[in-house]
Amino acid sequence: MLKHIPKERLRIGLALGAGGARGFAHIPVLEAFDELGLKPVVVSGASIGAIVGAGYCAGMSGAEIRAYVHELFRRRSDVVARLWRTRPRTARELLAPGGLRFGQFDAERLLGAFLPDTIPADFADLEIPLKVVASDYYGWKETVLHEGNLRKAIAASVAIPVLFRPVLIEGRVMVDGTVFDPVPFDAVTPHTDIVVAVDVIGGPTGPANRVPSPTEAIFGTTQLLMRAILAEKLRRPNAPQILVKPAISSFRLLDFMKVNAILKAAEPVKDEVKRALDRAIAKHATAHA
């Protein structure tokens, strides 16, 4: 496998999509790259994809990221303790810009409690270039962040309004990157020969006549909107050569304590990525012979 062309001549991009806890399914994809001895020349990420991508671009292997999340979410009491440390400590913090913030986490503080120390503070210190997608709230547009404060950029990308406060970057209010780009493959397309994109959006599941709870309806409708955005993007000429969609729709956005089950469900995607890369590389080699 992968003997068709010298690896150093091939520019592979990797786009890691949004999906909350379903984003653990990105890990087998990273392991496929590692086992093939390949490294993407650039990675893009939205929301959880930005988090996983940052770890990988910082030098963590797929196996190391797997081990980290296994330990991180092994005990519910430890997770609760980390969350407790992110609470507002003063009335001033509670009265953040925009009014009272009951029920909304500070994304930067939360990331500080959960991200590995391996992830640096600045984009410049990454081993692989990373493109982080956020949404400019007042500019009505997607913003691709690739320099400066890395952790603030990730915080902006994960800032789902229901859960997190918006993030200010260079005087602009940023929110969840999935609003415009749930699988940001076009952020890496101009720099690559082959793009691997990973769709962990999922979608509502269950009996067709079961009425969802209010919370389920909010998050499920968001999934449907992201599915519509992705479907439209895939009609464009710059669609990725490889798009994989792990079978993780049965898991919910906040099912982080189900890391083992999500990884097990996503495991088949590892071989799928290996086979797809072999075909894509062979096709590229033939076209450039």
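The structure contained in this document is the topic of the report that follows. (Residues numbered from 1 in each chain as written. Predicted model: local features only at pLDDT ≥ 70, side-chain atom pairs only at ≥ 80, totals over all residues. Heavy atoms only, no water.)

Focus on the overall build of the protein
For the protein, the helix and strand inventory stands at 10 helices and eight strands. Taken along its principal axes, the extent of the C-alpha atoms in the protein is 65 × 50 × 40 Å. With 289 residues in all, the protein has 49% of them scored as buried. When contacts within the protein are restricted to residue pairs at least 6 apart in sequence, those whose partners lie at least 24 apart make up 77%. By element, 57% of the accessible surface of the protein is carried by carbon and sulfur atoms, the whole surface being about 14200 Å². Computed over 37 positive and 30 negative side-chain charges, the separation of the two mean positions in the protein equals 4 Å. (Helix = DSSP H or I, 4+ residues; strand = E, 2+ residues; numbered from the N terminus. Buried < 20%, exposed > 50% of the residue type's maximum accessible area, 1.4 Å probe, protein only. Contact = heavy atoms within 4.5 Å. Areas by Shrake-Rupley, 256 points an atom, 1.4 Å probe, with all protein chains shown as cover. Lys, Arg positive; Asp, Glu negative; His and termini not counted. Charge placed at Lys NZ, Arg CZ, Asp CG, Glu CD.)

Details of the pairing of strand E7 (residues 194-198)
Among the five residues in E7, five count as buried, and that is most of the element. Side chains Ile 194, Val 196 and Val 198 project from E7 onto one buried face, and the interleaved Val 195 and Ala 197 project onto a second face that is buried too. The sheet contact formed by E7 and strand E8 (residues 242-244) spans three bridges and is parallel. Its bridge partner being in E8, Val 198 is matched across the sheet by Val 244. Crossover handedness for the path E7 to helix H8 (residues 214-233) to E8: right-handed. (Pairing = 2+ DSSP bridges. Right-handed = clockwise from strand over helix to strand, strands pointing away.)

Some details on the packing of aromatic side chains
Overall, the coordinates contain six aromatic pairs when judged by the stated rule. Between Phe 73 and Phe 114, the ring centres sit 6.2 Å apart and the planes meet at 15 degrees, which makes this aromatic pair stacked. Of this pair, Phe 73 sits in the loop between helix H3 (62-72) and helix H4 (76-85) while Phe 114 sits in helix H6 (residues 107-114); the two residues are 41 residues apart in sequence, bridging distant segments of the chain. Residues Phe 73 and Phe 114 agree in their burial class; the two are buried. Ring centres of Tyr 137 and Tyr 138 lie 4.8 Å apart, and the angle between their planes is 85 degrees; on these two criteria the pair is classed as edge-to-face. (Phe/Tyr/Trp six-rings, centres within 6.5 Å; stacked < 30°, edge-to-face > 60°.)

Notes on the pattern of salt bridges
In this structure the tally under the stated criterion is 20 salt bridges. Ionic pairing is found between Asp 136 and Arg 172, a salt bridge with its closest N-O pair at 3.0 Å. Pair noted here: Asp 136 is in strand E3 (residues 130-136) and Arg 172 is in strand E6 (residues 172-175), with a separation of 36 residues, a long-range link. Linking Glu 232 and Arg 235 is a salt bridge whose minimum nitrogen-to-oxygen distance equals 2.8 Å. Several salt bridges converge on common partners, so that one network encompasses Glu 31, Glu 35, Arg 66, Glu 267, Lys 270 and Lys 274. (Salt bridge = Lys/Arg side-chain N within 4 Å of Asp/Glu carboxyl O.)

Here we look at the side chain of Asp 136
Classification of Asp 136 by relative accessible area gives buried; the value is 5%. Residue contacts for Asp 136: discarding those within four places in its chain leaves Lys 141, Thr 143, Arg 172, Val 173 and Met 174.

Topic: the nonpolar core
Judged by nonpolar contacts, the single largest core of 75 residues is most densely connected at Leu 14, Phe 33, Leu 130 and Leu 277. The contact partners of Phe 33, leaving out residues within four places of it in the chain, are Ile 12, Leu 14, Leu 38, Pro 40, Tyr 56, Val 196, Val 273 and Leu 277. By size, the runner-up hydrophobic cluster in this structure holds 10 residues, among which are Ala 15, Val 42, Val 188 and Ile 201. (Core = buried A, V, L, I, M, F, W, Y, C linked by side-chain atoms within 4.5 Å.)

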